[in-house]
Amino acid sequence: MKQAWENRYHQGQTGWDRGDVSPALNLMLHHTGLSQGKLLVPGCGRGYEVIELARRGFDVTALDIAPSAIEHLRNGLARDRLRATVLEVDMLHWRAQQPFDAVYEQTSLCALDPVYWEQYENQLYSWIKPGGFLLALWMQTFSRGGPPYHCDPDSLKQLFLPVRWHWSEQLKTVEHPSGRHETAYVLTRI
Ligand SMILES: C[S@@+](CC[C@H](N)C(=O)[O-])C[C@H]1O[C@@H](n2cnc3c(N)ncnc32)[C@H](O)[C@@H]1O
């Protein structure tokens, strides 16, 4: 898994990378009312949102499995004289020492083979404190296979169950440079 993602960075096969902060970030943060606290960004990629969140004063931890993505983010933070905890780890196995106020997950679920989705949902649930938020930006491809794997919000309600998560209405649809769409939801961890 690690080598496959690293290869994508080396070969420039990074169609998910918009080169800037997602326009959904501000809207989702506004929905939560959070202006400070501990945020986790799993599958952060080059980490434009990590830098933006650090700039806004959040205590940010970022995870990615690809060394190139991690290096890019660390360089960006150093360039802007910002601080965040940036870890090269497998998010399917990483354990948090303390729960987070929120997780910002941008096309990380769709990067994972669906056989890992239940494990990943468990990870998200364990990382977020009760009453905390999952800011989710999920991609719709309307095709088979992946990555990216199609994230159908109605099907995801069978994964992010109402006994564990309270779903917001759909907050925004974001056009992606790749021609695909992402939809933004904020889920509250019960
Ligand atoms: C589709 S990209 C999204 C990157 C970033 N969130 C964005 O939207 O620009 C998925 C990212 O997840 C990382 N990734 C995939 N599997 C992972 C895993 N098991 N643990 C940590 N990171 C992983 C990849 O290296 C890649 O950077």
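This text gives an overview of the structure that appears in the document.

About the criteria used
Residues numbered from 1 in each chain as written. Predicted model: local features only at pLDDT ≥ 70, side-chain atom pairs only at ≥ 80, totals over all residues. Heavy atoms only, no water. Salt bridge = Lys/Arg side-chain N within 4 Å of Asp/Glu carboxyl O. Helix = DSSP H or I, 4+ residues; strand = E, 2+ residues; numbered from the N terminus. Buried < 20%, exposed > 50% of the residue type's maximum accessible area, 1.4 Å probe, protein only. Core = buried A, V, L, I, M, F, W, Y, C linked by side-chain atoms within 4.5 Å. Contact = heavy atoms within 4.5 Å. Near = heavy atom within 4 Å. Polar contact = N/O pair within 3.5 Å; in protein donor to acceptor, adjacent residues only side chain to side chain. Areas by Shrake-Rupley, 256 points an atom, 1.4 Å probe, with all protein chains shown as cover. 1 Å grid on protein atoms, 1.4 Å probe; cavity = no way out; pocket = protein on both sides within 12 Å on 5 of 7 lines; lining within 4 Å. Sits in = over half its atoms within 2 Å of the grid points. Nonpolar A, V, L, I, M, F, W, Y, C, P; charged D, E, K, R; others polar. Points joined across faces, edges and corners; volume = space filled by probe spheres on them. Pairing = 2+ DSSP bridges. Right-handed = clockwise from strand over helix to strand, strands pointing away.

### Details of the pattern of salt bridges
Side-chain pairs of opposite charge can arise where the charged atoms are in close proximity. One pass over the full model with this rule turns up nine salt bridges. Of the charged contacts, one joins Arg-46 and Asp-17 as a salt bridge, the two residues approaching to 2.7 Å between their closest N and O atoms. One end of the pair, Arg-46, is in the loop between strand E1 (38–42) and helix H3 (48–55); the other, Asp-17, is in the loop between helix H1 (2–10) and helix H2 (24–32), and 29 residues separate them in sequence. For Arg-46, a relative accessible area of 19% puts it in the buried group.

### Some remarks on the nonpolar core
One finds Trp-127, Leu-134, Trp-138, Leu-156, Phe-160 and Trp-165 to be the most contacted residues of the largest nonpolar core, which totals 29 residues. Residue assignment for this core shows that the elements contributing at least two residues are strand E4 (100–106), helix H5 (117–127), strand E5 (128–140), strand E6 (165–167) and strand E8 (181–189). Leave out the neighbours within four places in its chain, and Leu-156 touches Leu-109, Trp-117, Trp-138, Cys-151 and Trp-167. Judged by nonpolar contacts, the second largest core, of 28 residues, contains Val-41, Val-50, Ala-62 and Leu-135.

### Quick notes on the side chain of Thr-141
Tracing the sequence through the fold places Thr-141 in the loop between E5 and helix H6 (153–156). Its relative accessible area of 13% is what places Thr-141 among the buried residues. When residues no more than four places from it in sequence are discounted, the contact partners of Thr-141 are Pro-148, Tyr-149, His-150 and Arg-180.

### Quick look at the site of the ligand
Among the 16 residues in the neighbourhood of the ligand, the closest are listed as Tyr-9, Gly-43, Asp-64, Met-91 and Gln-106. Backbone polar atom of Gly-43 to a nitrogen atom of the ligand: 2.8 Å apart, as the coordinates give it. Met-91 is positioned such that a nitrogen or oxygen atom in its backbone is 2.8 Å from a nitrogen atom of the ligand. Within the complex, the protein chains bury 97% of what would otherwise be the 590 Å² of accessible surface of the ligand. Placement of the ligand is best described as lying within the largest pocket. Of the residues contributing to the shell around the ligand, the split by class is 10 nonpolar, four polar and two charged.

### As for unusual backbone geometry
Here the residue pair Gly-146 and Pro-147 is connected by a cis peptide bond, since its omega of 0 degrees sits within 30 degrees of zero. With respect to the helices, strands and loops of the structure, Pro-147 is situated in the loop between E5 and H6. Of note, the bond from Pro-147 into Pro-148 is cis; its omega dihedral lies within 30 degrees of zero at 0 degrees. Note that Pro-148 resides in the loop between E5 and H6. Its identity as a non-glycine residue notwithstanding, Arg-81 has a phi of 55 degrees, on the positive side. Looking at where Arg-81 falls in the secondary structure, it is placed in the loop between helix H4 (67–79) and strand E3 (85–88). The backbone phi angle of Phe-142 is positive, close to 55 degrees, even though this residue is not glycine.

### Re the layout of surface pockets
By volume, the largest pocket amounts to about 610 Å³. Elements with a minimum of two residues in the lining of the largest pocket: H1, E1, H3, strand E2 (59–64) and E4. Per element, the largest residue contribution to the lining of the largest pocket is three residues, and it comes from H1. In terms of residue class, the lining of the largest pocket is made up of 20 nonpolar, nine polar and nine charged.

### Considering the pairing of E4
With seven of its seven residues buried, E4 lies for the most part within the structure. Of the strand pairs in this sheet, E4 and E5 are connected by six bridges, and their pairing is parallel. Its bridge partner being in E5, Phe-100 is matched across the sheet by Ile-128.

### Some details on the pairing of E3
Judged from the four bridges that link them, E2 and E3 form a sheet pairing that is parallel. Looking at the pairing, Leu-63 lines up with Leu-87 of E3. For the crossover from E2 across H4 to E3, the handedness is right-handed.

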